[in-house]
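# Coordinate inspection notes
Spelled out, the chains give:
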Amino acid sequence: MTDVIPAPAPVRVPVRDGGSFPVRRVYCVGRNFADHAREMGAQAPASRADRGRPVFFMKPADAIATRGEVHYPPGTADLHHEVELVVALGRDAPPGVLARDAAEDLVFGYAVGLDLTRRDLQSAAKQAGLPWDTGKAFDESAPLSEIVPAAAIGPLAARRLSLAVNGTERQAAPLSDLIWDVPDILHELSRLYALRAGDLVFMGTPAGVAALVPGDACEARLDDAIELRCRIAAPRVR
Ligand code: MN
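To keep things clear, this report deals only with the structure shown in the data block. (Residues numbered from 1 in each chain as written. Predicted model: local features only at pLDDT ≥ 70, side-chain atom pairs only at ≥ 80, totals over all residues. Heavy atoms only, no water.)

## Structural notes on the nonpolar core
Rules: Put simply, buried Ala, Val, Leu, Ile, Met, Phe, Trp, Tyr and Cys residues joined by side-chain atoms within 4.5 Å make one nonpolar core. Between buried and exposed lies partly exposed: a residue is buried under 20% and exposed over 50% of the maximum accessible area for its type, with that area taken using a 1.4 Å probe on protein chains only. Runs of H or I in DSSP of at least four residues are treated as helices and runs of E of at least two as strands, each being numbered from the N terminus. Here, two residues are considered to be in contact whenever any of their heavy atoms come within 4.5 Å of each other.
In terms of nonpolar packing, the biggest core is built from 49 residues, with Leu186 and Val201 touching the most fellow members. Elements with a minimum of two residues in this core: strand E3 (26-30), strand E8 (83-89), strand E9 (107-114), strand E13 (160-165), helix H4 (182-190), strand E16 (217-222) and strand E17 (226-233). Those residues in contact with Val201, other than ones at most four positions away along the chain, are Tyr27, Val29, Leu85, Val86, Val87, Ile185, Leu186 and Leu189. Among the nonpolar cores identified, the runner-up in size contains 20 residues, and Val13, Val26, Ala61 and Ile147 belong to it.

## Thoughts on the sheet that holds strand E12 (residues 148-149)
What counts here: Paired strands, in this sense, are two strands between which DSSP finds at least two bridges.
Reading across from one edge, E4-E3-E15-E8-E9-E12 is the order of the 6 strands in this open sheet, with mixed pairing throughout. Either end of the sheet is taken by a strand with one partner, and the two such strands are strand E4 (55-59) and E12. Across 3 bridges, the pairing between E8 and strand E15 (residues 200-202) is antiparallel. Each residue of the ladder has a partner; that of Val86, found in E15, is Phe202.

## Considering the state of the cysteines
To keep it simple, the criterion reads: The criterion for a disulfide is a pair of cysteine sulfur atoms lying within 2.5 Å.
Under the criterion given, the structure shown has 0 disulfides. The thiol of Cys230 is not disulfide-bonded; the next cysteine sulfur, from Cys218, is found 5.9 Å away. Classification of Cys230 by relative accessible area gives buried; the value is 4%.

## Topic: the sheet that holds E13
Selection criterion: Angular values range over 0 to 180 degrees, each being the angle between N-to-C directions of two axes fitted as lines to C-alpha atoms, with helices fitted over their stretch in contact.
Taken in spatial order, the 5 strands line up as E6-E17-E16-E13-E14 in an open sheet, and their pairing is mixed. Strands at the two margins of the open sheet, each flanked by one partner only, are strand E6 (69-71) and strand E14 (168-174). Pairwise comparison of adjacent strand axes, ignoring direction, gives a mean angle of 20° for this sheet. In the sheet, E13 pairs with E16 via 5 bridges, with the strands oriented antiparallel. Bridge pairing in E16 links Leu161 to Leu222.

## Observations concerning the coordination of the manganese ion
Any two of four tetrahedral donors ideally make an angle of 109.5 degrees at the metal, while pairs among six octahedral donors ideally make 90 or 180 degrees. This is how the line gets drawn: We call an atom a donor if it is N, O or S and sits within 2.8 Å of the metal, or 3.2 Å for Na, K and Ca. Water is not counted, so some sites may look partial.
Around the manganese ion, the protein contributes the donor atoms Glu82 (OE), Glu84 (OE) and Asp115 (OD), at 2.0 to 2.1 Å from the metal centre. Donor residues for the manganese ion, ordered by position in the chain, follow E-x1-E-x30-D. Residues Glu82 and Glu84 agree in their burial class; the two are buried.

## Things to note about H4
Side chains of residues three or four places apart in an α-helix project in the same direction, reflecting 3.6 residues per turn. Applied cut-off: A 3.5 Å cut-off defines polar contacts: any pair of N or O atoms within that distance qualifies, except that in protein one atom must be a possible hydrogen donor and the other a possible acceptor, and neighbouring residues in sequence count only when both atoms are side-chain atoms.
For H4, the buried fraction is high: 8 of the 9 residues fall into the buried class. Packing partners of the buried residues in H4 comprise E3, E4, E8, E9 and E15. Structurally, the start of H4 carries an N-cap: the backbone nitrogen of Asp184 is 3.0 Å from a side-chain oxygen of Asp181.

## Examining the environment of Gly19
With respect to the helices and strands, Gly19 occurs in the loop between strand E1 (12-14) and strand E2 (20-22). Accessibility expressed as a relative area gives 57% for Gly19, which makes it exposed.

## Observations regarding the layout of surface pockets
Just so we agree on the cut-off: Cavity means a closed set of points on a 1 Å grid over the protein atoms alone, one where a 1.4 Å probe fits but cannot get out, pocket means an open set with protein on both sides within 12 Å along at least 5 of 7 lines, and lining means a residue has an atom within 4 Å of a point. Grid points are joined across faces, edges and corners, and a volume is the space filled by probe spheres set on the points. Under the grouping applied here, Gly and all other residues not named as nonpolar or charged are polar, the nonpolar ones being Ala, Val, Leu, Ile, Met, Phe, Trp, Tyr, Cys and Pro and the charged ones Asp, Glu, Lys and Arg.
In this structure, the largest pocket spans a volume of roughly 230 Å³. Contributing to the lining of the largest pocket are Val11, Arg12, Asp62, Ile64, Ala65, Thr66, Arg67, Glu69, His71, Glu140 and Arg236. For the lining of the largest pocket, the secondary-structure elements that each account for two or more residues are strand E5 (64-65) and E6. Counted by class, the lining of the largest pocket contains 3 nonpolar, 2 polar and 6 charged residues.

Function cannot be read off these values alone, since they describe shape.
The structure is reproduced here in structure tokens:
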């Protein structure tokens, strides 16, 4: 059968040392660092045993932005940065719920991303008990670094995630502070969704989220292992 419109090309993310990673879905975790949960006015769990279930939301695959510059989005006066570890899945999950100890077999690699957020729209939605989509799932809302194969990163817990804006550090935390680590999150996601090769998972942000304005230069890092540079450009002419 012939397509009646041109088929959109999948979003592709460059992979370190060659090739590209076609993106299928973008899952995101909310409230995965206790200090950020508290700064957003949410309760942070007192212990792992007390943590309940993670908060998930999604962004469209074509929100991924790899060009090093994104436009200030329409419809907001309070665009926030959230620096996050991003997991790239290289294999389909087997049917059923994924065991924690089988989770790492699915991981192709890691990246650093920004979960850009229209905080004013998200806050209004939260207060009204409405979905977060307009606050989270907009065009160019997910700047992303190259993807680095997992073998080059090694154990995650000792790694430090950070974001500097115009040279000043705003967010930083060791990944040992994650309330749900990568196996926990892939296990929890598999209870709700069929995970597939090409899926990305934004793992949640530490404290220090704040506003960005056009002209700001973001430098997000996982130590010296992964770097994302992204500039906020003037709004797109509409
Ligand atoms: Mn986030």
